[in-house]
Amino acid sequence: MKVRLKSGTLNYLDQGNGPAVLLIHAFPLNHTMWQPQVAVLASRFRVIAPDIRGFGESLPPAPWTIEEMCDELAEFLDKLNVKTCALAGVSMGGYIGLPFYLKYPDRVRQIILANTRARADNDAEKAARTEMIAALEQQGAGILPDRMLPRLLKPNPSPEVVHLVRGIMANVSASAAIYAVMAMRDRPDSTSLLHRVKSPALVVAGEHDVITNINECRSIAEAIPGAQFALISNAGHLSNLENPDEFNRALMGFLL
Ligand code: MLT
């Protein structure tokens with residue numbers, strides 16, 4: 001479905017009835033990465049999964065900051081008449097989801113932060129982002145699969161998941177990727193604000209995640225009062241895709 005926002009057209013999936021669950025995807029993907037969760041969630045909830053600006057069919061790509069994206073998602077929820085939601089973000093989805101909670105705490109009933117960080121990038125990570133932006137400018141989005149797949153997925157990933165993720169990446173424009181890498185590089189550090197999360201929280205880590213490691217995820221759970229922690233076995237960074245059964249059990253167990 002499509003909705004007109006101040007920044008352009010936002011494409012999203014809207015399926016099922018019940019309390020709203022907002023799903024925010026990872027980089028450089030789109031809402032279809034939530035495929036293994038949608039049917040399960042939609043039996044009990046209204047599942048809302050947008051394509052972040054420039055990704056999927058949300059157009060046009062344009063620069064954004066994390067704070068602007070939080071405001072854009074609030075505008076999006078307003079358009080859909082959704083006052084409160086459970087919010088789940090994987091990786092970049094968490095980089096947006098946690099600041100969204102901190103800015104709009106009354107809109108989030110429950111929060112799920114999967115394979116993500118609360119902290120900002122360190123200097124080396126920022127430099128790697130800047131190098132990535134230059135490579136995207138010079139060589140285009142075709143560099144993404146080789147650069148990202150080995151980091152997003154566990155060693156010896158399932159051919160089906162590789163196929164799905166490659167397929168999503170094949171449609172990413174260089175400009176959408178560049179703007180997202182800039183937003184991630186310049187994202188705020190929310191570590192010292194984690195104690196302000198008062199809604200029930202679930203923090204998810206992947207056993208073989210090389211982007212956001214288990215200890216980093218665990219320390220987010222430890223800093224949020226009463227947060228639950230789930231370690232998804234046999235999964236890398238995209239834990240919802242690599243071990244959907246375990247991910248869905250943790251997700252539904254938390255939400256219900
Ligand atoms: C993501 O999976 O959203 C990104 O790869 C995270 C990152 O680059 O920090």
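Before reading on, note that the structure itself is shown above.
In short, a report on the structure.

What counts, and where the lines are drawn
- Throughout, a residue's number is its position along its own chain's written sequence, starting from 1.
- Side-chain atom pairs in this predicted model are given and counted only at pLDDT of 80 or more, local residue features only at pLDDT of at least 70, and totals for whole chains, interfaces and linings cover all residues.
- Calculation of side-chain values draws on the structure's entire complement of heavy atoms; hydrogens and water are dropped beforehand.
- We call a residue near a molecule or strand whenever a single non-hydrogen atom of that residue lies within 4 Å of it.
- Here a polar contact is recorded for every N or O atom pair within 3.5 Å, except that within protein the pair must consist of a potential hydrogen donor and a potential acceptor, and residues adjacent in sequence are included only if both atoms are side-chain atoms.
- Per-residue and other accessible areas were derived by the Shrake-Rupley procedure at a 1.4 Å probe size, with only the shown protein chains allowed to occlude residues.
- Strands are runs of DSSP state E lasting at least two residues, helices are runs of H or I lasting at least four, and both sets are numbered from the N terminus onward.
- Throughout, the ten residues Ala, Val, Leu, Ile, Met, Phe, Trp, Tyr, Cys and Pro are labelled nonpolar, Asp, Glu, Lys and Arg are labelled charged, and all others, Gly among them, are labelled polar.
- The cut-offs for exposure are 20% and 50% of the maximum accessible area for each residue type, with area from a 1.4 Å probe on protein chains only; residues under the lower value are buried, those over the upper are exposed, and the others partly exposed.
- Between two residues, a contact is recorded if the distance between any of their heavy atoms is within 4.5 Å.
- Lines are fitted to the C-alpha atoms to define the axes, a helix being fitted only along its stretch in contact, and any angle between axes, read from their N-to-C directions, falls within 0 to 180 degrees.
- The scheme is simple: roughly parallel for angles under 35 degrees, roughly antiparallel for over 145, roughly perpendicular for 65 to 115, oblique for anything else.
- Working rule for handedness: look at the near helix, and if it is turned counterclockwise from the far one by less than a right angle, call the crossing left-handed; if clockwise, right-handed.

1. Focus on the site of the ligand
Part 1 of the reasoning: Lining the immediate surroundings of the ligand are Ala26, Phe27, Ser91, Met92, Tyr95, Arg117, Arg129, Met148, Leu152, Met184, Ile211 and His237.
Part 2 of the reasoning: A distance of 2.8 Å is found between an oxygen atom of the ligand and a side-chain nitrogen or oxygen belonging to Ser91.
Part 3 of the reasoning: About the coverage of the ligand: the protein hides 97% of its 270 Å² of free accessible area.
Part 4 of the reasoning: Sorting the residues of the shell around the ligand by element identifies helix H3 (92-103) and helix H5 (144-152) as the ones contributing at least two each.
Part 5 of the reasoning: Across the shell around the ligand, the residue classes tally to eight nonpolar, two polar and two charged.

2. Remarks on the environment of Asp123
Part 1 of the reasoning: On the secondary structure map, Asp123 appears in helix H4 (residues 123-139).
Part 2 of the reasoning: C-alpha separation for the pair Asp123 and Leu102, spaced 21 residues apart in sequence, amounts to 24 Å.

3. Some points on the side chain of Thr212
Part 1 of the reasoning: Mapped onto the fold, Thr212 is located in the loop between strand E7 (201-206) and helix H8 (214-223).
Part 2 of the reasoning: Since its relative accessible area comes to 0%, Thr212 is described here as buried.
Part 3 of the reasoning: Polar contacts involving the side chain of Thr212 include one to the main-chain carbonyl oxygen of Asn115, which spans 3.2 Å.
Part 4 of the reasoning: At 2.7 Å, the side chain of Thr212 forms a polar contact with the side chain of Asp209.
Part 5 of the reasoning: If near-sequence neighbours (up to four positions away) are discounted, Thr212 is found in contact with Asn115, Thr116, Arg117, Cys217 and His237.

4. Notes on the packing of H5 against helix H6 (residues 159-169)
Part 1 of the reasoning: Interhelical geometry of H5 versus H6 gives an angle of 140° and a closest axis separation of 11 Å. In terms of orientation, H5 lies oblique with respect to H6. The interaxial crossing formed by H5 with H6 has right-handed handedness. Each of Leu144, Pro145, Asp146, Met148, Leu149 and Leu152 in H5 lies in contact with H6, whose residues at this interface are Val162, Val165, Arg166 and Met169.
Part 2 of the reasoning: Partitioning the contact of H5 with H6 into residue classes produces eight nonpolar, no polar and two charged.

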